[in-house]
Amino acid sequence: MKTGNVFPLLEQIETPLDLRKLPESRLLTLAHELRQFIIQTVAKTGGHFSANLGTVELTIALHYAFNTPEDRLVWDVGHQTYAHKILTGRRNHMDSLRRKNGISGFPKRCESRYDTFGVGHSSTSLSAALGMSIAAEHFGSDRKIVAVIGDGAMTAGMAFEAINHAGHLKRDLLVVLNDNDMSISPNVGALSTHLTTLLSSRFFSSVREGSKKVLSHVSPMLKVDKKI
């Protein structure tokens, strides 16, 4: 997809190596351009809007912080990876998304070395990432392994088995829980309730941080506020 000068910063990114050259101050601008590019692309080709719009900043942060593809990034539900595809050399092919002989709507190992695990739907990322972590240790590699899993996928038995196994083996494995409330069906059960409780506590966190800012100009009151 040729974009002209509509996305000047995004057009500079052919691989995550280019992304990591940017100063942090430019990342929010990049996120805005990337989100608009996804909207423009999916409006023409069809595909998944909400799941991908919700992972824009997350995708940028992961590729910025880790040395991909040497470090392994494993996505759980594949239809949240459009931003990942765009940042890993496939921007100009996104107009072929989900079409014959075009870009897949999911991670596909034969499509890119940045797609570390072929996946369509949920709950396989943790076991795949754990296997990669075990292999890395076996071969003496210090590569990092990151699994991204959503709140819906996290409730599946396969995910629980993998995280239980990972905790037992104590491997170097980072699990990112993308709690975006975007499952196909409403989530139920104790874990969903617990995550909802954690999200609702953000109000308390925002009040606390806001109080710190206001009271930081009055040092005696700040001491009282900290105690509270």
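You'll find the structure just up there.
Residues numbered from 1 in each chain as written. Predicted model: local features only at pLDDT ≥ 70, side-chain atom pairs only at ≥ 80, totals over all residues. Heavy atoms only, no water.

## Regarding the pattern of salt bridges
For the structure on display, the rule yields nine salt bridges. Salt bridges sharing common partners tie together Lys85, Arg90, Glu111 and Asp115. (Salt bridge = Lys/Arg side-chain N within 4 Å of Asp/Glu carboxyl O.)

## So, helix α4 (residues 56-65)
All of the buried residues in α4 are Val56, Thr59, Ile60, Leu62 and His63. Down the axis of α4, the buried side of the element spans an arc of 165°, and every buried residue falls inside it. (Buried < 20%, exposed > 50% of the residue type's maximum accessible area, 1.4 Å probe, protein only. Helix = DSSP H or I, 4+ residues; strand = E, 2+ residues; numbered from the N terminus. Arc of directions from axis to C-beta.)

## Focus: the packing of helix α6 (residues 125-138) against helix α7 (residues 157-169)
The contact between α6 and α7 brings their axes to 8 Å, and the two run at 25°. Here α7 runs roughly parallel to α6, going by the angle between their axes. Between α6 and α7 lies a crossing of left-handed hand. On α7, the residues touching Leu126, Ser127, Leu130 and Ile134 of α6 are Met158, Ala159, Ala162, Ile163, His165, Ala166 and Leu169. By residue class, the composition of the contact of α6 with α7 is nine nonpolar, two polar and no charged. (Axes fitted to C-alpha atoms, helices over the stretch in contact; angles between N-to-C directions. Parallel < 35°, antiparallel > 145°, perpendicular 65-115°, else oblique. Left-handed = near helix turned anticlockwise from the far one by under 90°. Contact = heavy atoms within 4.5 Å. Nonpolar A, V, L, I, M, F, W, Y, C, P; charged D, E, K, R; others polar.)

## With respect to the side chain of Asn178
Structurally, Asn178 can be placed in strand β3 (residues 174-178). Owing to a relative accessible area of 11%, Asn178 belongs among the buried residues under this scheme. Beyond its immediate chain neighbours, meaning those up to four positions away, Asn178 contacts Thr55, Leu58, Gln80, Val148, Ile149, Gly150 and Asp151.

## A closer look at the environment of Ala147
With respect to the secondary-structure elements, Ala147 resides in strand β2 (residues 145-150). Expressed as a C-alpha distance, the spacing of Ala147 and Leu173, which sit 26 residues apart in the sequence, is 7.8 Å. Sequence-distant contacts of Ala147, that is, excluding residues within four places in its chain, are made with Val74, Ser125, Leu126, Ala129, Leu174, Val175 and Val176.

## A look at helix α2 (residues 27-45)
Between its first and last C-alpha atoms α2 spans 26 Å; for 19 residues at 1.5 Å apiece the expected length is 27 Å, and the two agree. Among the residues of α2, those classed as buried are Leu27, Leu30, Ala31, Glu33, Leu34, Phe37, Ile38, Thr41, Val42 and Thr45. What you see down the axis of α2 is that its buried residues fit within an arc of 165°, all on one side. Of the residues in α2, the exposed ones pointing more than 90 degrees away from the buried face are Leu28, His32 and Ala43. Where α2 is buried, its residues meet α1 (16-19), α3 (50-53), α4 and α5 (82-90). Backbone geometry just downstream of α2 places Gly46 in the positive-phi region, at approximately 80°. (Expected span 1.5 Å × (residues − 1).)

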